[in-house]
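Listed below, chain by chain, are the residues.
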Amino acid sequence: MIIIDYKKITNMGTRDKLSTKDNFLSLIKMQTGFIDEWKNDIEKLKDSEKKGVQLYSLPNSEVIQNGYKEILMYEYNNLLATYSAGEDINKILPMYKNIISLMEVAWEKENGYVLLLGIISMGVMLGVDNETFDKLIHIVKENNIKDSLIEYLIQYKEPNWVRETNHFYFNIPYKKIQCILEIYQSNKEEAILRIKKYLTKEWYRGHSDCGWYNIHKINIYAYSGYWSFESGALVKILGLDDSSLKDCPYYPYDMVHWLDNK
């Protein structure tokens, strides 16, 4: 498992303006502590399993799996907080690959759509290698994910992928993407305006049923940032001029343009 040295975080300005760098760093430090605790517990559980000793009322294997799920959640939130804090994308790449490894053992279809969409979208923006992205494709296949948006993103990275559905796993807010794609066919300028509307009027409100909705008002110290990574991936794929979105809330401009000078 990759270890991130959070003591070397720089003093760049934050990308997410709803909180401060100190708050993001405090969250990362706290969650890294939780991750370390879970790793230690998992090792103890594995040792007990070998000895045939049950430590809890639940089977050791089930507690271990729950531990990996918790670690996955904390690692993803740490990635969000690191990006929100204004860190260089190079610091995010190892975190990104680590999360994919965790997803292979701990991701669940029932409540993991937003995370999956975010990681796939990041893969598009970051231009990750095929071997890494293929792990995400395997997760989609293995869990029989039928979602028009995810299939669209996969097809960009894997041209031989055959899109099988026009269905959106969550119509709100993601079905708005279909409207953007339709507008793009005839007018690129209108398409970018439609993306801006999606970001400013629809994306955040469309997640009002998520546990992290309004967390910046409820507990700012648990806030890791709000990012519409699929918007960035869409702009990347369509090759749109996103200069008007640079300071738009939720838009991951730096991630979209990370490869521009590579």
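The notes below deal with the structure included here.

Cut-offs applied
Residues numbered from 1 in each chain as written. Predicted model: local features only at pLDDT ≥ 70, side-chain atom pairs only at ≥ 80, totals over all residues. Heavy atoms only, no water. Helix = DSSP H or I, 4+ residues; strand = E, 2+ residues; numbered from the N terminus. Buried < 20%, exposed > 50% of the residue type's maximum accessible area, 1.4 Å probe, protein only. Areas by Shrake-Rupley, 256 points an atom, 1.4 Å probe, with all protein chains shown as cover. Lys, Arg positive; Asp, Glu negative; His and termini not counted. Charge placed at Lys NZ, Arg CZ, Asp CG, Glu CD. Axes fitted to C-alpha atoms, helices over the stretch in contact; angles between N-to-C directions. Parallel < 35°, antiparallel > 145°, perpendicular 65-115°, else oblique. Left-handed = near helix turned anticlockwise from the far one by under 90°. Contact = heavy atoms within 4.5 Å. Nonpolar A, V, L, I, M, F, W, Y, C, P; charged D, E, K, R; others polar. Phe/Tyr/Trp six-rings, centres within 6.5 Å; stacked < 30°, edge-to-face > 60°. Core = buried A, V, L, I, M, F, W, Y, C linked by side-chain atoms within 4.5 Å.

### Considering the overall build of the protein
Turning to step 1, where the next piece is worked out: Helices and strands together make up the secondary structure of the protein, namely 12 helices and 0 strands.
Turning to step 2, where the next piece is worked out: Along the longest, intermediate and shortest principal axes, the C-alpha atoms of the protein span 65 × 45 × 35 Å.
Turning to step 3, where the next piece is worked out: Taken over 262 residues, the protein has a buried fraction of 48%.
Turning to step 4, where the next piece is worked out: As presented, the protein carries roughly 13,500 Å² of accessible surface, and 49% of it is formed by carbon and sulfur atoms.
Turning to step 5, where the next piece is worked out: Of the charged side chains in the protein, 32 are positive and 36 negative; the average position of the first set lies 3 Å away from that of the second.

### Section: unusual backbone geometry
Turning to step 1, where the next piece is worked out: The peptide bond linking Ile172 to Pro173 adopts the cis configuration, its omega dihedral lying at 0 degrees.
Turning to step 2, where the next piece is worked out: Topologically, Pro173 is positioned in helix H7 (residues 171–174).
Turning to step 3, where the next piece is worked out: The backbone of Asn144 shows a phi angle near 55 degrees, a positive value even though the residue is not glycine.
Turning to step 4, where the next piece is worked out: Among the secondary structure elements, Asn144 is positioned in the loop between helix H5 (130–142) and helix H6 (148–157).
Turning to step 5, where the next piece is worked out: Under the relative-accessibility criterion, Asn144 is labelled partly exposed at 47%.
Turning to step 6, where the next piece is worked out: Phi is positive for Tyr250, close to 80 degrees, though the residue is something other than glycine.
Turning to step 7, where the next piece is worked out: On the secondary structure map, Tyr250 appears in the loop between helix H11 (229–238) and helix H12 (253–256).

### Quick look at the packing of helix H2 (residues 60–84) against helix H4 (residues 113–126)
Each packed pair of helices is defined by two parameters, the angle between the axes and the distance between the axes.
Turning to step 1, where the next piece is worked out: Where H2 meets H4, the axes come as close as 12 Å, and the angle between the chain directions of the two elements is 45 degrees. With respect to H4, the element H2 is oriented oblique. Read as a crossing pair, H2 and H4 show a hand that is left-handed. Residue-level inspection shows Leu72, Tyr76 and Leu79 of H2 in contact with H4, the latter providing Val114, Leu115, Gly118, Ile119 and Met122.
Turning to step 2, where the next piece is worked out: For the contact of H2 with H4, the per-class residue count stands at 7 nonpolar, 1 polar and no charged.

### As for the packing of aromatic side chains
What describes a pair of aromatic rings is the distance from one ring centre to the other and the angle between the planes of the rings.
Turning to step 1, where the next piece is worked out: Across all of its chains, the model carries 18 aromatic pairs by this definition.
Turning to step 2, where the next piece is worked out: On the numbers, 5.4 Å between centres and 65 degrees between planes, the contact of Tyr113 with Phe170 is edge-to-face. Taken as a pair, Tyr113 in helix H4 and Phe170 in the loop between H6 and H7 lie far apart in primary sequence, 57 residues in all.
Turning to step 3, where the next piece is worked out: For Tyr113, a relative accessible area of 4% translates into the label buried.

### Some points on the nonpolar core
Turning to step 1, where the next piece is worked out: Of all hydrophobic cores here, the largest spans 83 residues; its most connected members are Met103, Ile119 and Met122.
Turning to step 2, where the next piece is worked out: The element that contributes the greatest number of residues to this core is H2, accounting for 11 residues.
Turning to step 3, where the next piece is worked out: Those residues in contact with Met122 that sit more than four places away from it in its chain are Tyr76, Leu79, Tyr96, Phe229 and Met255.

The values are spatial; any link to function lies outside them.
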